[in-house]
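Descriptive structure summary
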Amino acid sequence: VIDIQGVVVGGCGKFRKQIRLPDDLLSGHEDWMPSFVQGTLNVQFSISELPQPLQSHGLRALDLNESFPPSIYRPGADLPSNTIQPNDLNPRRGDLQLWRAILNNHQTQTEHKCFLIRRVESGYRDKAEILGQHNFRENWKFADGHQTSIKVYSGAHET
C-alpha cells in the first residue's frame, strides 16, 4: 500500500477532452467500481513525502513496476486518441495502468473507491490522476485546494 497526501489542483482538461477510455476498462473489477466517468481528478503532492522507493522518480517509479503491479493494464493502442505514443526505446510507452485506491477528501469528510490511473512514461511525477465512478467536482464538491489522502493498493494484493 502506498499512502499519498496531497491537494486537489486543476488540470489542463486534456484527459477529459482528448482521451476516450474504453467502455470495458473496468471489466472484472466491477466489485470495486462498477462504472466510471471520463476524465480525472488531479491531486498534487510532494515527492519528498512519498515512500522512499518512489522519491527519486515520483509516480513514474510505478510505471511497469513488477513489485507494485497495477490492477488493470491495457495497451496504449486501446486508447485511439492516446497522446503518449510508443517509440523505439519503449514500445509500452502510453500503455494504461490502473491501481485500486481509496480517496479521502479531508474538507468534506468523504471517502471514495477509485483508481489511480497512469499512462507509462506520463510526465506527471508529483501529480496523481484519479478515475472515479462520479465526477468528483460536480457530484462530491471537490475543489482546488482541498486536502486529500490517497491509499493506493498493489494489484498483487487486491483489496
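The structure contained in this document is the topic of the report that follows. (Residues numbered from 1 in each chain as written. Predicted model: local features only at pLDDT ≥ 70, side-chain atom pairs only at ≥ 80, totals over all residues. Heavy atoms only, no water.)

Moving on: the overall build of the chain. The number of helices and strands found in the chain is two helices and seven strands. Listing the helices and strands of the chain from first to last along the sequence gives β-α-β-β-β-β-β-α-β. Over its C-alpha atoms the chain spans a radius of gyration of 15 Å, differing by no more than 12% from the 15 Å that the globule rule assigns to 159 residues. Once the C-alpha set of the chain is aligned to its principal axes, its extents read approximately 45 × 35 × 30 Å. Counting every position in the chain, which comprises 159 residues, the buried fraction comes to 49%. On the chain, roughly 7900 Å² of surface is accessible, and the fraction owed to carbon and sulfur atoms is 48%. Averaging the positions of the 17 positive and the 18 negative side-chain charges in the chain gives two centres separated by 5 Å. (Helix = DSSP H or I, 4+ residues; strand = E, 2+ residues; numbered from the N terminus. Rg over C-alpha atoms; globule rule 2.2 N^0.38 Å. Buried < 20%, exposed > 50% of the residue type's maximum accessible area, 1.4 Å probe, protein only. Areas by Shrake-Rupley, 256 points an atom, 1.4 Å probe, with all protein chains shown as cover. Lys, Arg positive; Asp, Glu negative; His and termini not counted. Charge placed at Lys NZ, Arg CZ, Asp CG, Glu CD.)

Take unusual backbone geometry next. Although it is not a glycine, Leu-64 sits at a positive phi angle of roughly 55 degrees. With respect to the helices and strands, Leu-64 occurs in the loop between β2 (41-45) and β3 (72-74). The exposure class of Leu-64 is partly exposed, given its relative accessible area of 31%. At Gln-109, a residue that is not glycine, the phi angle is positive and equals roughly 55 degrees.

Turning to the packing of aromatic side chains, a few remarks are in order. Between two aromatic rings, the relevant description is the distance of the centres plus the angle of the planes. Using the criterion set out here, one finds two aromatic pairs in the structure. When the ring of Trp-32 is compared with that of Tyr-153, the centres are 6.3 Å apart and the planes differ by 75 degrees; the resulting orientation is edge-to-face. Placement of Trp-32 in the loop between α1 (14-18) and β2 and of Tyr-153 in the segment after β7 (147-152) is noted, with a sequence separation of 121 residues between them. No difference in accessibility class separates Trp-32 from Tyr-153, as the two residues are buried. Between Phe-136 and Phe-142, the aromatic rings sit 5.1 Å apart at their centres with planes inclined by 65 degrees, giving edge-to-face as the arrangement. Its relative accessible area of 5% is what places Phe-136 among the buried residues. (Phe/Tyr/Trp six-rings, centres within 6.5 Å; stacked < 30°, edge-to-face > 60°.)

Counted by the stated rule, this structure contains eight salt bridges. The salt bridge partner of Asp-78 is Arg-74, with a shortest N-O separation of 2.7 Å. The structure contains a network of salt bridges with shared partners spanning Asp-24, Arg-74 and Asp-78. (Salt bridge = Lys/Arg side-chain N within 4 Å of Asp/Glu carboxyl O.)

Taken together, the six bridges between strand β1 (residues 2-9) and β7 define a ladder with antiparallel strand orientation. Across the sheet, Val-7 pairs through a bridge with Gln-147, a residue of β7. The pairing of strand β4 (residues 96-105) with β7 spans five bridges and is classified as antiparallel. Bridging from a neighbouring strand, Ala-101 pairs with Val-152 of β7. (Pairing = 2+ DSSP bridges.)

Consecutive residues of a regular strand have side chains that alternate between opposite faces of the sheet. For strand β6 (residues 127-131), the tally of buried residues reaches five of five residues, placing the bulk of the element in the interior. Bridge analysis of β2 against β6 gives four bridges, and the strand direction is antiparallel. By the bridge assignment for β6, Val-43 is matched with Ala-128. As defined by bridge partners, strand β5 (residues 110-119) adjoins β6 across three bridges and the pair is classed as antiparallel. For Phe-115, the partnering residue across the bridge sits in β6 and is Leu-131.

Turning to the environment of Arg-20, a few remarks are in order. When you line up the elements, Arg-20 lands in the loop between α1 and β2. Beyond its immediate chain neighbours, meaning those up to four positions away, Arg-20 contacts Gln-38, Leu-79, Pro-80 and Ser-81. (Contact = heavy atoms within 4.5 Å.)

What follows covers the side chain of Thr-148. Among the secondary structure elements, Thr-148 is positioned in strand β7. For Thr-148, a relative accessible area of 1% puts it in the buried group. If we ignore the near neighbours within four places in the chain, the residues touching Thr-148 are Ile-4, Gln-5, Gly-6, Val-7, Val-8, Val-43, Leu-103, Asn-104, Asn-105, His-106 and Phe-142.

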